[in-house]
Amino acid sequence: MIGKMFKGLILVLMVIVILALVAAIFVRNEYAVERQVTINRPETEVFQYIKHLKNQDKFSVWSHMDPNMRRTYIGIDGNVGFISTWESNYKNLGKGEQEITNIIENERIDLKVRFKEPVEAEDSAYMITEALSKDRTRVRWGFE
């Protein structure tokens with residue numbers, strides 16, 4: 001009797017493991033998030049503002065969560081290779097850095113965001129500007 005129950009338990013566990021492995025094959029482990037806003041300013045003015053990572057402290061939700069967040073900067077802001085680092089005692093902010101990896105003037109900025117704490121991860125991010133009129137600009141930003 002105990003032998004049959006043991007065999008049944010082993011069989012159930014094997015089925016659960018096999019189902020989990022099969023499900024893992026079909027589940028995507030990638031994601032993307034994108035947001036946008038329209039700003040009543042000319043595209044060139046908006047782009048010149050957002051390409052400087054130091055300006056993110058003025059509009060980033062994350063920066064406002066911890067006004068005591070420690071920041072360091074390496075390189076020339078607004079240029080490829082510039083790195084902005086952060087370190088916060090708040091669990092959700094942790095520690096990491098972002099680097100400008102590509103700039104297409106008045107169009108697009110590409111970034112690498114490297115999270116170091118509380119988890120390690122590396123994501124690609126971007127900011128794109130699009131002139132809607134002479135004095136209106138759509139800004140799209142996101143990460144993958």
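In the block above lies the structure referred to throughout.
Residues numbered from 1 in each chain as written. Predicted model: local features only at pLDDT ≥ 70, side-chain atom pairs only at ≥ 80, totals over all residues. Heavy atoms only, no water.

## Here's the deal with the side chain of Arg114
Okay, so step 1: Along the polypeptide, Arg114 turns up in strand β5 (residues 108-117).
Okay, so step 2: Judged by its relative accessible area of 18%, Arg114 is buried.
Okay, so step 3: For Arg114, the side chain forms a polar contact with the side chain of Glu99, separated by 2.5 Å.
Okay, so step 4: Arg114 has contacts with Ile83, Trp86, Gly96, Glu97, Glu99, Ala121 and Glu122, leaving out every residue within four places of it along the chain. (Helix = DSSP H or I, 4+ residues; strand = E, 2+ residues; numbered from the N terminus. Buried < 20%, exposed > 50% of the residue type's maximum accessible area, 1.4 Å probe, protein only. Polar contact = N/O pair within 3.5 Å; in protein donor to acceptor, adjacent residues only side chain to side chain. Contact = heavy atoms within 4.5 Å.)

## A word on the pattern of salt bridges
Okay, so step 1: Summed over the entire model, instances satisfying the criterion amount to 11 salt bridges.
Okay, so step 2: For the salt bridge of Glu105 with Lys51, the shortest nitrogen-to-oxygen distance reads 2.8 Å. Remark: Lys51 occurs in the loop between α2 (43-50) and α3 (56-59) and Glu105 occurs in the loop between β4 (95-104) and β5; sequence separation between them is 54 residues.
Okay, so step 3: We note a salt bridge from Lys112 to Glu122, for which the minimum N-O separation is 4.0 Å. Of the two residues, Lys112 is situated in strand β5 and Glu122 in strand β6 (residues 121-133); the sequence distance between them amounts to 10 residues.
Okay, so step 4: What makes Lys112 partly exposed here is its relative accessible area of 24%.
Okay, so step 5: It is possible to trace a salt-bridge network through shared partners that takes in Glu97, Glu99, Arg114 and Lys116. (Salt bridge = Lys/Arg side-chain N within 4 Å of Asp/Glu carboxyl O.)

## Section: unusual backbone geometry
Okay, so step 1: At the junction of Glu117 and Pro118, the peptide bond is cis and its omega measures out at 5° in the coordinates.
Okay, so step 2: Within the fold, Pro118 resides in the loop between β5 and β6.
Okay, so step 3: You will see that Asn106, though not glycine, has its phi angle at about 60°, which is positive.
Okay, so step 4: Note that Asn106 resides in the loop between β4 and β5.

## Some points on the sheet that holds strand β2 (residues 70-74)
Okay, so step 1: Spatial ordering of the open sheet is given by β1-β7-β6-β5-β4-β3-β2, a layout of seven strands whose pairing is antiparallel. The sheet is open, and its two borders are formed by β1 (33-39) and β2, each paired with just one other strand. Across the sheet, the axes of successive neighbouring strands diverge by a mean angle of 20°, strand direction being ignored.
Okay, so step 2: In terms of strand pairing, β6 meets strand β7 (residues 136-143) through eight bridges, oriented antiparallel. Among the inter-strand pairings, Glu130 is bridged to a residue of β7, identified as Arg138. (Pairing = 2+ DSSP bridges. Axes fitted to C-alpha atoms, helices over the stretch in contact; angles between N-to-C directions.)

## Overview of the packing of aromatic side chains
Okay, so step 1: Summed over all chains, the structure comprises three aromatic pairs.
Okay, so step 2: Their ring planes at 70° and their centres at 5.9 Å tell us that Trp86 and Phe115 sit as a pair that is edge-to-face. Of this pair, Trp86 sits in strand β3 (residues 83-87) while Phe115 sits in strand β5, and the two are 29 residues apart along the sequence.
Okay, so step 3: Exposure remark for Phe115: the relative accessible area of 30% places this residue in the partly exposed category.
Okay, so step 4: Geometry around Tyr73 places Lys54 over its ring, the cationic atom sitting 4.9 Å from the centre. (Phe/Tyr/Trp six-rings, centres within 6.5 Å; stacked < 30°, edge-to-face > 60°. Lys NZ or Arg CZ within 6 Å of the ring centre and 35° of its normal.)

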